[in-house]
Amino acid sequence: RDLMICVGDKEIHIKQGDITAETSDAIVNPANSQLLHGGGAALAIARKGGRVIDEQSHNLIRRIGEVPVSKAVMTDAGELPCKFVIHTVGPVWHGGNNGEAELLAGCYRNSLQLAMEHGIRSVAFPSISTGVYSYPLKQAAEIAVRTVRTFIKEHPEAFEDVMWVLFDDRTKQAYDEAISCAETL
Ligand code: AR6
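Here's a quick rundown of the structure. (Residues numbered from 1 in each chain as written. Predicted model: local features only at pLDDT ≥ 70, side-chain atom pairs only at ≥ 80, totals over all residues. Heavy atoms only, no water.)

## Description of the site of the ligand
What surrounds the ligand is a group of 22 residues, the closest being D18, A41, S129, G131 and V132. Between the ligand and the protein, one listed contact pairs an oxygen atom with a side-chain N or O atom of N32 at 3.0 Å. Here an oxygen atom of the ligand and a backbone polar atom of A41 are 2.7 Å apart. Taking 700 Å² as the accessible area of the ligand by itself, protein coverage stands at 90%. Those elements giving two or more residues to the shell around the ligand turn out to be β3 (26-31) and α1 (40-49). Among the elements that take part in the shell around the ligand, α1 stands out by supplying three residues, more than any other. Residues of the shell around the ligand, tallied by class, amount to 10 nonpolar, 10 polar and two charged. (Near = heavy atom within 4 Å. Polar contact = N/O pair within 3.5 Å; in protein donor to acceptor, adjacent residues only side chain to side chain. Areas by Shrake-Rupley, 256 points an atom, 1.4 Å probe, with all protein chains shown as cover. Helix = DSSP H or I, 4+ residues; strand = E, 2+ residues; numbered from the N terminus. Nonpolar A, V, L, I, M, F, W, Y, C, P; charged D, E, K, R; others polar.)

## Some points on the packing of helix α4 (residues 137-154) against helix α5 (residues 169-180)
In contact at an axis separation of 9 Å, α4 and α5 are set at 50° when each is read in the N-to-C sense. It follows from the interaxial angle that α4 and α5 lie oblique. Read as a crossing pair, α4 and α5 show a hand that is right-handed. Contacts between α4 and α5 involve L137, A140, A141, E142, A144 and V145 on the former and, on the latter, R170, T171, A174, Y175, A178 and I179. (Axes fitted to C-alpha atoms, helices over the stretch in contact; angles between N-to-C directions. Parallel < 35°, antiparallel > 145°, perpendicular 65-115°, else oblique. Left-handed = near helix turned anticlockwise from the far one by under 90°. Contact = heavy atoms within 4.5 Å.)

Below, the structure written as structure tokens:
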């Protein structure tokens, strides 16, 4: 069953599924700084989106060098059912004393900021950094929920729909728990 949380008159949903199937305006790709979409959700997104995503990623990197950790950039979505892909670079977990928490929060903030600037009304997030980048799930879920909730409070008119689309059971459970305690986060 899908959980949700209300922020003012807005709802944030959590569901289990494959983010490449989402029809929201934008989906967020948990990318690396080179935008080489070689594994995890990024590979699934780049494969299903087709050449456009890799080409535009490559062109961006040629222009800007790299995407710093916690920042976000955007490409078209190619063959995906969404319209745009927001690529954000999560922190690699190095034990927690290297600014990981603030960098992870930045991923959510910067992705929503970029979406807002482009008039994007619906955004689907995966669980950034908790796959290949090994961020501890419970901590990542709490940061994710707290950061998105705060952003929506601060920008109540920006979005119609913000959600998480989580691949596996364990991840879905962690976000369900984080959202259940969100009043205290
Ligand atoms: N839909 C939704 N979530 C997914 C999907 C999917 N189709 N596939 C995997 N996940 P990860 P990271 C989940 O590793 O930790 C890549 O190589 C997955 O189960 O994709 O930020 C990039 O190029 C996990 O819960 O991202 C980077 O080099 C979550 O997505 C690096 O991995 C994030 O796992 C980024 O690592």
